[in-house]
Amino acid sequence: MPGLLRGVARTAVVAGTATAVSNRVSRRQAGRWAQQDYERQHQYEEPYAQPQEAAPAAPAVPPSTADDMTAKIDQLKQLADLKAQGILTEEEFQSQKSQLLA
């Protein structure tokens, strides 16, 4: 009889351990899935939320004017660099500059 009790006790311990491990793995996996769902949800929501928050801010200078000025300044810098490198002559530089500023 002691051998039978020992076998039953061992089986109970193994079954209990297996159940505890299984439950822990299930809880951990459920937590991971919940975290992934949360991240996916916010990943899709963020691109739509940002333009709505940025829209009310009005720039002092109209965007087209600011963009045009920035582009012209960049082009003038490039022309000046080309002139400094000797690729453009003074006349070519002045001609291109007057076309840009017109």
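Residues numbered from 1 in each chain as written. Predicted model: local features only at pLDDT ≥ 70, side-chain atom pairs only at ≥ 80, totals over all residues. Heavy atoms only, no water.

**Q** Got a minute to help me understand the overall build of the protein in this structure?
**A** Broken down by element type, the protein carries three helices and zero strands. In sequence order, the secondary structure elements of the protein are arranged as α-α-α. Accessible area for the protein stands at about 8800 Å²; split by element, carbon and sulfur atoms hold 59% of it. (Helix = DSSP H or I, 4+ residues; strand = E, 2+ residues; numbered from the N terminus. Areas by Shrake-Rupley, 256 points an atom, 1.4 Å probe, with all protein chains shown as cover.)

**Q** In this structure, what is going on with the environment of Q75? I would like to understand it.
**A** One can find Q75 in helix 2 (residues 63–84). Sequence spacing of Q75 and Q96 is 21 residues, and the spatial spacing of their C-alpha atoms is 9.6 Å.

**Q** Would you mind showing me how to read the pattern of salt bridges here?
**A** A pair can form between side chains of opposite charge whenever their charged atoms are brought close. Enumeration over the complete set of coordinates arrives at two salt bridges. As a salt-bridge pair, D37 and R40 come within 3.4 Å of each other at their nearest N and O atoms. In this pair, D37 and R40 are both assigned in helix 1 (residues 2–54), three residues apart and thus about one turn of the helix distant. We classify R40 as partly exposed; its relative accessible area is 43%. E90 is the partner of K83 in a salt bridge, and the nearest nitrogen-oxygen pair spans 2.7 Å. (Salt bridge = Lys/Arg side-chain N within 4 Å of Asp/Glu carboxyl O. Buried < 20%, exposed > 50% of the residue type's maximum accessible area, 1.4 Å probe, protein only.)

**Q** Would you mind going over a positive patch on the surface with me for this structure?
**A** On the surface, R24, R27, R28 and R32 cluster together into a patch of positive charge. Assignment of secondary structure puts R28 in helix 1. Take R28: its relative accessible area is 42%, and that puts it in the partly exposed class. (Patch = residues over 30% accessible without salt bridge, like charges linked within 9 Å, V, L, I, M, F, W, Y side chains within 5 Å. Lys, Arg positive; Asp, Glu negative; His and termini not counted. Charge placed at Lys NZ, Arg CZ, Asp CG, Glu CD.)

**Q** Just to check I follow, could you spell out the confidence of the model for the protein for this structure?
**A** Do not read the fine detail of predicted coordinates wherever pLDDT is low. For the protein, per-residue confidence averages 76 on the pLDDT scale, and residues scoring 70 or more make up 76% of the total. No element of the protein has a lower mean pLDDT than helix 1, at 75, and none a higher one than helix 3 (residues 90–101), at 86. (pLDDT = per-residue confidence, 0-100.)

**Q** Can you help me understand the environment of A71 in this one?
**A** Checked against the element boundaries, A71 lands in helix 2. Taking the relative accessible area as the measure of exposure, A71 reaches 36% and is therefore partly exposed. With 29 residues separating them along the chain, A71 and L100 place their C-alpha atoms 9.9 Å apart.

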